[in-house]
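# Examining the three-dimensional arrangement
So you can see what is in the structure, the chains are spelled out below.
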Amino acid sequence: MVVVRIEHRENGMGIFTQAELISESFNKAQWYCRHGKMVGAFFINGFIYGKHFCAYNSIEEMGNWLKASEIKLFIMKGFVVLELEVTDYIVDTDQTLFTKESIVGSKDITELFA
């Protein structure tokens, strides 16, 4: 399965765990409120903390949750947008959980959003 993930270039952590890296011009409250409609990973059957990481099911789905200006802010703060091919995953309505060990292909697609 191919998924889309935004993670920090240096530590590999995702946007929810690294939101404090975003500038003050980023409206975190509004962003979290919008994502509050998303079922949290902790509530997805089979989720194991520290084993599973979150990704969007597609570029289109990512666009439903993030504005282009928000993606650009993440990129400016050291995040990359990756298209990952994974073999161990759990598909949910709003996102896909995967294990980093199951990544069999990775493509940096950040330039599409910069």
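Reading guide: rules and limits
- Residues numbered from 1 in each chain as written.
- Predicted model: local features only at pLDDT ≥ 70, side-chain atom pairs only at ≥ 80, totals over all residues.
- Heavy atoms only, no water.
- Helix = DSSP H or I, 4+ residues; strand = E, 2+ residues; numbered from the N terminus.
- Areas by Shrake-Rupley, 256 points an atom, 1.4 Å probe, with all protein chains shown as cover.
- Patch = residues over 30% accessible without salt bridge, like charges linked within 9 Å, V, L, I, M, F, W, Y side chains within 5 Å.
- Salt bridge = Lys/Arg side-chain N within 4 Å of Asp/Glu carboxyl O.
- Buried < 20%, exposed > 50% of the residue type's maximum accessible area, 1.4 Å probe, protein only.
- Pairing = 2+ DSSP bridges.
- Axes fitted to C-alpha atoms, helices over the stretch in contact; angles between N-to-C directions.
- Lys, Arg positive; Asp, Glu negative; His and termini not counted.
- Polar contact = N/O pair within 3.5 Å; in protein donor to acceptor, adjacent residues only side chain to side chain.
- Contact = heavy atoms within 4.5 Å.

### Quick notes on the overall build of the chain
Per the secondary structure count, the chain includes three helices and six strands. The secondary structure elements of the chain, listed N-terminal to C-terminal, are β-α-β-α-α-β-β-β-β. Carbon together with sulfur atoms contributes 55% to the accessible area of the chain, which is approximately 6,500 Å² in total.

### Quick look at a nonpolar patch on the surface
Together, Met-1, Tyr-89 and Val-91 make up a nonpolar patch on the protein surface, roughly 250 Å² of accessible area in all. Assignment of secondary structure puts Met-1 in the segment before strand S1 (2-8). What makes Met-1 partly exposed here is its relative accessible area of 31%.

### Concerning the sheet that holds strand S2 (residues 52-55)
Reading across the sheet, the three strands line up as S2-S5-S4 and stay open at both edges, with antiparallel pairing between neighbours. In this open sheet, the two strands that pair with only one neighbour each are S2 and strand S4 (89-91). Put simply, the sheet's adjacent strands are angled 25 degrees from each other on average, direction ignored. Relative to strand S5 (residues 96-99), S4 runs antiparallel, the two being bridged by three bridges. For Val-91, the partnering residue across the bridge sits in S5 and is Thr-96.

### Digging into the side chain of Glu-61
Along the chain, the position of Glu-61 falls in helix H2 (residues 59-65). We note that Glu-61 is buried and unpaired, the nearest opposite charge coming from Arg-5 at a distance of 12 Å. Separated by 2.9 Å, the side chain of Glu-61 and the backbone nitrogen of Asn-57 make a polar contact. Among residues more than four places away in sequence, those in contact with Glu-61 are Tyr-56, Thr-93, Asp-94 and Gln-95.

### Observations regarding helix H3 (residues 68-76)
All buried positions along H3 are accounted for by Glu-70, Ile-71, Leu-73, Phe-74 and Ile-75. Two residues or fewer after H3 comes Gly-78, characterised by a positive phi angle close to 100 degrees.

### Let's talk about the sheet that holds strand S3 (residues 79-86)
A sheet is described by the order of its strands in space; here three strands give the open sequence S1-S3-S6, paired in antiparallel fashion. Looking at strand neighbours, the two that pair on one side only are S1 and strand S6 (103-108), the edges of this open sheet. Geometrically, the sheet is characterised by an average inter-axis angle of 35 degrees between neighbouring strands, direction not taken into account. Direction of pairing for S3 relative to S6: antiparallel, over a ladder of five bridges. The partner of Leu-84 across the bridge, within S6, is Ser-106.

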